[in-house]
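Structure assessment
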Amino acid sequence: MAGHSGPNLAAEDRDNERAPLLHRTDKHQTDAATESRRRDHGDDGTAGAANDDELGQLDVVASLRHRRWVSLIASILLITAFVVILLLSGVLSRNRKKSPKMDTSVCMSPTCIHAASEVLYNLSPDYKNLDPCTQFDTLVCEGFHARHDIPEDRSSFSTASIMSNNGQTTLRHILESPYPGDSKHSSFSPMNLQSLAVSTDEGNFILMQDSYNACMNETTLKTIGLAPLIDLISNVARSFPAADDTEDVLQTEDYTKLSDTILLLEKLGVTSFEGLYTGADDSNPDVVIIQAMPAGYNLPSPEYYEEENILKQYQSMLVQVFSVLLPTDAARKSAKKLAESVVGLEKKIAALTPPPEDRQDVTKYYNIVQVHEAGKIGPALGLDKVVRGLAPADYTLDTMLLAFPGFLGNVSQVVSETPKSTIQAYLIWNLIASYSSYIEATEVDPIHRFNNILLGRDPETKSERWKTCLSYVDGTLGWILSRFYIEAAFSEAAKEYGDQIILDIKQQFTTRLGELDWMDEPVKKLAANKVHNIDQKIGYPTKSPNITNPDALRNYYKGLAITDSFFDNSLSSNKFSVNRTWSALGKPVDRGEWGMQADIVNAYYNPAGNEIVFPAGIMQFPVFSVDLPGYVSYGAFASVAGHELSHAFDNSGRHYDENGNYTDWWTNRTVKEFSKRASCFVDQYSDFTIEGNNGKPLHVNGRLTQGENIADAGGVSAGFAAWKKRQGTTPDQSLPGLDYFTHDQLFFVFYANWWCGKVRKEQAINYIYTDPHSPAFARILGTTANSRPFRESFNCPVKEPTCELW
């Protein structure tokens, strides 16, 4: 799941896929600087709320109730039939040889039957004849591929997507139901709050629901149309005027107006040439500093600017948008010319952008300069003036992190040679790309259609409106929504079990460190201290804010105005988020903050905070349950936990000490031995391929995915060891119908089941270019090839792991 993904922001800005459609320039609620210091687990990026900015009608309540009854009756019949099949299969296979330590009792609880049925449905029909040592992805997931289609409004679908869908259903019911005043099953349920707290809690709930309802009011949105977006466009045009029908390039006297306009956009949450954020200083992680990261292009990655067909469609879309949304008649008549020049400008910026593997490498992006020096390096952009306008008035500007100063200098030079009319159109386009999803008008439909094309979807596909609005609420008032989500879908028992699993993982990882012969003893001791110091955050935050405390939530969102206008709410939320980001300057880093809402189906490691974070959304069936045999939760969730912990020692995380300081704390010999072993992962995963646009193989970027691949191997290793130790004192029952596999083998079946999924070709290519995670099939095949216990449990001819570190 994510970690030090480098300075470039992916954040929650992923349209519920791992990568954005257009390389979105809006910042939303999640702090980009925080995101740059996280490694997430990288399922299909599916969060607990959909992020598709699409439309649809709500189902009629009566229809929903009817369908629920039909579904309930059908489910009862199916489960009954399935139990009969399982019992028969148990009888037929009773004589099969069992592992000597394998508990032969079978768990027949509804939860166990459900888990077994999911796995059996996902397995290949021919699973008994396939070679697990070379075809484990097919063995575990072929049934999933056969019975699941990718929904029209999505570009991928996986086990995590199913979990996300379940979470969305819960969240939708919360948002469309009255305040749950009679709920009392947890300590912070409404019935268990004091009367004043109940009043505050209900007020928070109404605020959240008002935001959702404003988004759902399509009639009003269509009536308002483009008007609020046009007002913002006019503001940008006034801030940076450009004469019509001229090719006048930017002059020195124009620099101030350009930096003022960049500042205007930043205050609206819109990035332009450089991404500007605040976050912990890698070398002094208790201090918040200003950070500037490469930005400036709107397609998903620089490679897209080399695809002639894509550029043609992109330019055509811009012509349609510019012809109606540029601020003057003359500019609108020049839409074709301006679209071509904007694409040309973005293409130049994309060519100057460092590769993604460098943008997530702290040794390459960490560069501290004086703020005034940034102004000298890129004089046309005037970043020193921009950050001065964003920082609190009482904050003394001193130094900042400027990633890749050469990029800033080169972009400044390009901009200084660009016509002002092009720069104005480019700035307006960044604004439109960020705010068009907040309006309903046919004039912005070309953007939606182009996004769909990029992701391999039908151009006219739209998500149901409730998904869009749920995602919006999760991104703006997410901690209030999280409060009601955990009250409905997460238990104290689950939190305690998650804590136990992670403590088990820590213990096994520390034991493993002690066994390594390539790591010097002083480094081992420091590494063990680092593991011990890792802060594990489970389920939901109890600080910054404490989401179980209604007053804390009210104070957290104090100053955020919510009205019946969806566009005004979006504008207010973006400004609120920007202000929160920059008001952190001059204050110590808040280590109680989380970078993901509680409903998100993901997890992350933050090296500067030396913390691993597991939202309640990922601690759900079928990857986690207190009511299932240990090999289920340890095979799936514990491997996730081990994955996040392993990020503390991957090619990026290893640079941070036990307190989160970016420093050299390894001996030269240990670094040399680590690098030798880590390079094995680069070579191994670079051999995996998918089909490219031209029909030729497109190789996985082994350097970009190195940290995630190391973490996958370390996660499974620690998860398996933790489960085996736990099993010694708490033997597991068997699951019905799965007695073909030993419990050791089932550990890996449930691990791989987490990665079952499908992806459209266009999105798969996008992932290769932009995503630090390998394709799901490679994460199954590569990780199992790197696991000695896997090879031993399936009696593979070669027991030695292909690559091994932790």
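Residues numbered from 1 in each chain as written. Predicted model: local features only at pLDDT ≥ 70, side-chain atom pairs only at ≥ 80, totals over all residues. Heavy atoms only, no water.

**Comments concerning the overall build of the protein chain**
Put simply, the rule is: Only DSSP runs of H or I with at least four residues qualify as helices, and only runs of E with at least two residues qualify as strands; both kinds are numbered from the N terminus onward. By definition, residues are in contact when any of their heavy atoms lie within 4.5 Å. We get accessible surface area from the Shrake-Rupley algorithm with a probe of 1.4 Å; when it comes to residues, only the shown protein chains can shield them.
Across its full length, the protein chain carries 32 helices and 13 strands. Contacts in the protein chain between residues at least 24 apart in sequence constitute 80% of all its contacts with a sequence separation of at least 6. Counting only carbon and sulfur atoms, one obtains 52% of the accessible surface of the protein chain, whose full area is about 30,500 Å².

**What about the side chain of H773?**
Stated formally: Here a polar contact is taken to be a pair of N or O atoms separated by no more than 3.5 Å, where protein atoms must pair a possible hydrogen donor with a possible acceptor and residues adjacent in sequence count only if both atoms sit in side chains.
Tracing the backbone shows H773 in the loop between α30 (761-770) and α31 (776-785). For H773, the side chain forms a polar contact with the side chain of D771, separated by 2.6 Å.

**Overview of the state of the cysteines**
Stated precisely, the cut-off is as follows: Note that a disulfide, as used here, is simply two cysteine sulfur atoms within 2.5 Å. Any residue under 20% of the maximum accessible area for its type is buried, any over 50% is exposed, and the rest in between are partly exposed; the area is computed with a 1.4 Å probe on protein chains only.
A complete count under the given rule lists five disulfides for this structure. Disulfide pairing is shown between C133 and C796; the S-S distance is 2.0 Å. Looking down the S-S bond of the C133 and C796 bridge, the torsion is -100°, so its handedness is left-handed. Taken together, the positions of C133 in helix α4 (residues 132-147) and C796 in the segment after α32 (788-793) put the pair 663 residues apart, joining distant regions of the chain. The class of C796 is buried, set by a relative accessible area of 3%. Each sulfur of the disulfide joining C141 and C756 lies 2.1 Å from the other. Looking down the S-S bond of the C141 and C756 bridge, the torsion is -80°, so its handedness is left-handed. With C141 in helix α4 and C756 in the loop between α29 (743-753) and β13 (757-759), the pair connects residues that are 615 residues apart, well separated along the chain. Ordering the disulfide-forming cysteines of the protein chain by sequence position, one finds them joined as 1-2, 3-9, 4-8, 5-6, 7-10.

**Description of the environment of R654**
Among the secondary structure elements, R654 is positioned in the loop between α26 (630-646) and α27 (668-686). Look at R654 and you get buried, because its relative accessible area is 13%. In contact with R654, not counting residues within four places along its chain, are A648, F649, W665, W666, V671 and F674.

**What to know about the sheet that holds strand β4 (residues 274-281)**
The following threshold applies: Note on pairing: DSSP must find at least two bridges between two strands before they are called paired. Helix axes are fitted to C-alpha atoms over the stretch in contact, other axes to C-alpha atoms as well, and angles between N-to-C directions run from 0 to 180 degrees.
In spatial order, the strands read β4-β5-β7-β6; together these four strands make up an open sheet with mixed pairing. Strands with a single pairing partner mark the edges of an open sheet, and in this sheet they are β4 and β6 (368-370). On average, adjacent strands in this sheet sit at an angle of 35° to one another, irrespective of strand direction. Direction of pairing for β6 relative to strand β7 (residues 399-402): antiparallel, over a ladder of three bridges. In the sheet register, V369 faces β7, and the bridge partner there is M400. Those strands touched by helix α16 (residues 383-390) are β4 and β5 (284-294), and its axis lies near 60° from that of β4.

**Regarding the pattern of salt bridges**
The condition that has to hold: Any carboxyl oxygen of Asp or Glu within 4 Å of a side-chain nitrogen of Lys or Arg constitutes a salt bridge here.
Applying the stated rule across the entire model yields 29 salt bridges. Between E247 and K337 there is a salt bridge, and its shortest N-O distance comes to 2.7 Å. Of this pair, E247 sits in the loop between α8 (227-239) and α9 (255-267) while K337 sits in helix α12 (residues 335-352), and the two are 90 residues apart along the sequence. Given the relative accessible area of 45%, E247 is considered partly exposed.

**A word on the confidence of the model for the protein chain**
We apply this condition: Confidence scores per residue from the predictor, reported as pLDDT, run from 0 to 100.
Mean pLDDT over the protein chain: 89, with 87% of residues reaching 70 or higher. Within the model, pLDDT remains below 50 along residues 44-76, and this stretch shows 91 contacts once partners closer than five positions in the same chain are excluded. Low confidence marks residues 82-101, where pLDDT is under 50. Its contacts with residues over four positions away, or in another chain, come to 23 contacts.

**As for helix α17 (residues 405-416)**
How we decide: Multiplying 1.5 Å by the residue count of a helix minus one yields the expected span of that helix.
Taking 1.5 Å as the rise per residue, α17 with twelve residues should run 16 Å; its terminal C-alpha atoms sit 17 Å apart, in good agreement. Among the residues making up α17, those that are buried are F407, L408, G409, V411, S412, V414, V415 and S416.

**Observations regarding the pairing of strand β10 (residues 611-615)**
The buried count for β10 comes to five of five residues, which makes it a mostly enclosed element. As paired elements, strand β8 (residues 535-539) and β10 share five bridges and run parallel to each other. Looking at β10, one finds that I538 is bridged to F614. Sheet topology note: the strand β9 (residues 604-606)/β10 ladder contains three bridges and is antiparallel. Considered in β10, the bridge of N606 is made with E611. Taking the residues between adjacent antiparallel strands as the criterion, β9 and β10 are bridged by four residues, where N610 takes a positive phi near 45°.

**Focus on the pairing of β7**
On any regular strand, side chains alternate: one points to one face of the sheet, the next to the other face. Pairing between β5 and β7: three bridges, direction parallel. Its bridge partner being in β7, A292 is matched across the sheet by L402.

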